[in-house]
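Descriptive analysis of the structure
Now for the letters of each chain:
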Amino acid sequence: MTEKAYLAGGCFWGLEELVRTLPGVLETEAGYTGGENEDPTYENHPGHAEALEVTYDTEKISYKELLNFFFQVHNPTTVNQQGNDMGTSYRSAIFFRNPEEKQVAEDMIRIVNESGRWPSPVVTTLEPFTVFYPAEAHHQDYLQKNPGGYTCHAIYFDSYL
């Protein structure tokens with residue numbers, strides 16, 4: 001069965017490049033969610049986070065495993081910042097679609113905090129999913145098209161699970 005997840009962890013380019021490699025991830029799309037305007041663009045997306053829509057096969061990867069990886073590849077303890085990218089567009093957020101996803105996210109945040117791997121507590125927000133707007137074509141698969149492009153993402157830690 002396929003499902004979708006909506007994650008924001010800084011610039012969508014680097015997040016997409018790492019998440020796409022996970023077994024069970026079928027498709028990724030960079031875009032915007034959680035903001036104020038319809039049809040946002042890179043130049044006009046007030047309140048929106050740069051986010052990733054992840055389509056995944058639940059037979060091969062669970063939502064919890066996806067979130068586990070999400071917390072391995074960005075710093076969830078910096079408010080509205082990843083690397084040099086600053087502002088609400090770059091916040092760490094999980095956009096949950098139902099109470100079960102919210103509970104899994106809360107559980108993962110607890111696990112990450114209890115791990116002691118980060119010197120500060122997780123500030124990842126849990127926000128109800130509303131709508132996802134795909135980013136402009138030149139933002140899709142950006143690091144595939146521009147292998148030397150900017151990213152502030154890396155695999156910082158082994159699994160939390």
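Please refer to the structure placed before this passage.
Residues numbered from 1 in each chain as written. Predicted model: local features only at pLDDT ≥ 70, side-chain atom pairs only at ≥ 80, totals over all residues. Heavy atoms only, no water.

Bringing the pattern of salt bridges into the picture now. Summed over all chains, the structure comprises seven salt bridges. Salt bridges linked by common partners bring Glu3, Arg97 and Glu101 together as one network. (Salt bridge = Lys/Arg side-chain N within 4 Å of Asp/Glu carboxyl O.)

What follows covers the sheet that holds strand 2 (residues 25-33). Spatially, 7-6-1-3-2-8 is the arrangement adopted by the six strands of the open sheet, whose pairing is mixed. Lying at the two open borders of the sheet, with one neighbouring strand each, are strand 7 (125-128) and strand 8 (132-134). Strand after strand, the sheet turns through a mean of 40° between neighbouring axes, direction not considered. Both strand 2 and strand 3 (residues 49-57) contribute to a ladder of eight bridges, which runs antiparallel. Residue pairing in the sheet places glutamate 29 in a bridge with glutamate 53 of strand 3. Across the sheet, helix 2 (residues 63-72) lies against strand 1 (2-9), strand 2, strand 3 and strand 6 (92-96), angled at about 20° from strand 1, the strand it touches most. (Pairing = 2+ DSSP bridges. Helix = DSSP H or I, 4+ residues; strand = E, 2+ residues; numbered from the N terminus. Axes fitted to C-alpha atoms, helices over the stretch in contact; angles between N-to-C directions. Contact = heavy atoms within 4.5 Å.)

Along any regular strand, the residues point their side chains to alternate faces of the sheet. Of the strand pairs in this sheet, strand 6 and strand 7 are connected by four bridges, and their pairing is parallel. Paired with phenylalanine 96 across the strands is proline 128, a residue of strand 7. Considered for its hand, the β-α-β crossover made up of strand 6, helix 3 (residues 99-115) and strand 7 is right-handed. (Right-handed = clockwise from strand over helix to strand, strands pointing away.)

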